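Residues per chain are reported as follows:
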Amino acid sequence: MNSPWATTAANFLADPNKQLFIDGKWVPSATGERIETFNPSTGQLLATLARGQKADVDAAVASSRRAFQGHWSSFTPAQRQQLIMQFAELFEKNFEELTLLESLDMGAPLMTRLRPAKNTALQTILYYAAQARNIGGETVSNSLPGKVTSMTLKAPVGVVGGIIPWNGPLFSQMHILGPVLATGCTAVIKPSEEASLAILRTAELLVEAGLPPGVVNVVTGFGSEAGAALAAHPDVNRVAFTGSTGTGREIIKASAGNMKRLQLELGGKSPDIVFADADLDKAVPGVAMGVFSNSGQICFAGTRIFVERKIQAEFVERLGAYSRTLKVGDPLAPDTNLGPLISRRQLDRVLSYLDIGRQEGGELVAGGRRLGGDLAGGYYLEPTIFSNVSNTMTIAREEIFGPVASVIPFDTVEDALALANATEYGLASGVWTTNIDTALKLAHGIEAGTVWVNCYGLVDPAVGFGGYKESGYGWKGGQAQIDGYLYQKAVYINVG
Ligand code: NAI
Ligand code: MG
């Protein structure tokens, strides 16, 4: 990579002063300790991050509280909208650098995944810019004796803790920054220790866009240190978290102290159901990318593939053939479809599930191996398919977060529905059919926050996203999300 952006990105990575971003400035952590962060495509050291801990979180929250009460509180909705639009412009201008940092940091393919998402990312930011002008309560008729006018008012909840995972931080931060800035809240962001760089760079752009210092602070560090301190902080009013269900439970416990509002987007084991009447030319690539995109490191990955028994053999063969056309390799190469897994730890975790799948009797029909040769230094795994899986096997129950698909046969619509719902998760689902009755039956019957019919992975911020069951709670997107960033207050005026 020898574009001017590559130089800017390299300078950013090499700058020892880019540590914690608090009060609009780069500051070192209280202890001065650093964390090493690696490039998953080579296993080499990429940069070091400040190891933020409780004292740093305290400083960041205090800064966000001051900002919440200061100049920022006088911004009108139009001014907040303008600021978000200004940020969108800078995001667009610096998009190549941001996506390069992201790709180096977490391994997503630059040209086939990150860069094509530009318009979606911009549209997401602009959606929240519009939301800034759409905040307000209602006057409500009451049945009280006398003459009483009643209304509801809305007010921003205050300081928000945003805890972000590593599987797509550049884009996933938008769903926190957007509602924070639209509603007039402030935020302390704790990115994942595995992928913090694009978020740190974004914080600088926000200040360049005109955001008052302290409205968005970023504290890097470990989840058990900086993350836990933020989740438990008595002066944080709301936490928005995306990550594992186990960590989600910890955050619920930590929130109890001051009754924080929570939005939790947690794990999944999403069903993707293929009926014999489906258009397989669309279903095969749709199902494959539903599970293999981002090397399977997506919360809504469609990892349980239910296939009507009479087309099972044909479908498995076509899915295997398609998966072999996917190019796994260097995330910076133009034709790479799938990059490495995020870390050695994640690779080992996924490989251990492959062993379990074999032991439990799954039939390995594609992939299954770590890649060697030129790719031996990175954490690359072939897209892997097990067939003849049953819904009760470990690989069909637990979130693997790697490029691993389980194909499970079914016979009837009722059968498919029962199997799809037999999970403690409920994040998303897919249905492939040309029969409208079947599509509607499943759209109503599946216990999950999203049902995609003849498509997979589409998300629009106006529609939103969320989970059933242990996939979390709190809607991300739409008016329901904005309401989560606002207190509601009832006002009664006795007019005599
Ligand atoms: P994680 O859920 O522990 O990490 C997500 C974020 O939470 C990171 O920023 C981390 O630093 C922070 N965190 C960790 N412990 C915390 C605590 N006690 N209090 C507050 N914040 C804390 O996920 P991790 O360890 O990175 O990955 C493990 C597994 O989690 C993956 O294999 C995958 O199955 C699942 N996962 C699911 C995601 C999803 O979108 N559904 C995203 C990332 C991971
Ligand atoms: Mg990294």
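What counts and how
- Residues numbered from 1 in each chain as written.
- Chains lettered and ligands numbered in written order.
- Predicted model: local features only at pLDDT ≥ 70, side-chain atom pairs only at ≥ 80, totals over all residues.
- Heavy atoms only, no water.
- 1 Å grid on protein atoms, 1.4 Å probe; cavity = no way out; pocket = protein on both sides within 12 Å on 5 of 7 lines; lining within 4 Å.
- Points joined across faces, edges and corners; volume = space filled by probe spheres on them.
- Nonpolar A, V, L, I, M, F, W, Y, C, P; charged D, E, K, R; others polar.
- Domains from an automatic or database assignment.
- Contact = heavy atoms within 4.5 Å.
- Buried area = accessible area lost by both parts, 1.4 Å probe.
- Salt bridge = Lys/Arg side-chain N within 4 Å of Asp/Glu carboxyl O.
- Polar contact = N/O pair within 3.5 Å; in protein donor to acceptor, adjacent residues only side chain to side chain.
- Helix = DSSP H or I, 4+ residues; strand = E, 2+ residues; numbered from the N terminus.

Student: Could you give an account of empty space enclosed by the protein, with specific residues and numbers?
Tutor: Taken as a whole and assessed by the stated rule, the structure comprises 4 cavities of 30 Å³ or more. When its volume is computed, the largest cavity comes out at roughly 70 Å³. Forming the boundary of the largest cavity are Gly268, Lys269, Gly296, Ile298, Cys299, Phe300, Ala301, Thr303, Glu399, Ile400, Phe401 and Gly402. Here the residues of the lining of the largest cavity are counted per class, giving 6 nonpolar, 4 polar and 2 charged.

Student: Describe the domain arrangement of the protein chain, with residues and values.
Tutor: Domains assigned within the protein chain are domain 1 (4-266 + 471-491) and domain 2 (271-460). Taking the mean C-alpha position of each, domain 1 and domain 2 sit 30 Å from one another. Listed per partner, the contact involves 24 residues of domain 1 and 27 residues of domain 2. Ranking the residues of domain 1 by area buried against domain 2 places Pro40, Trp166 and Ser471 at the top, with a combined share of 25%. Here domain 1 is connected to domain 2 by 1 salt bridge. When the shortest N-O distance is used, the salt bridge between Glu194 and Arg345 registers 3.9 Å. Viewed at the interface, domain 2 and domain 1 are joined by 9 residue pairs in polar contact (both at pLDDT 80 or more). Within the residue set of the side of domain 1 that touches domain 2, elements represented by two or more residues are α4 (95-106) and α5 (110-114). The biggest single contributor to the side of domain 1 that touches domain 2 is α4, with 5 residues.

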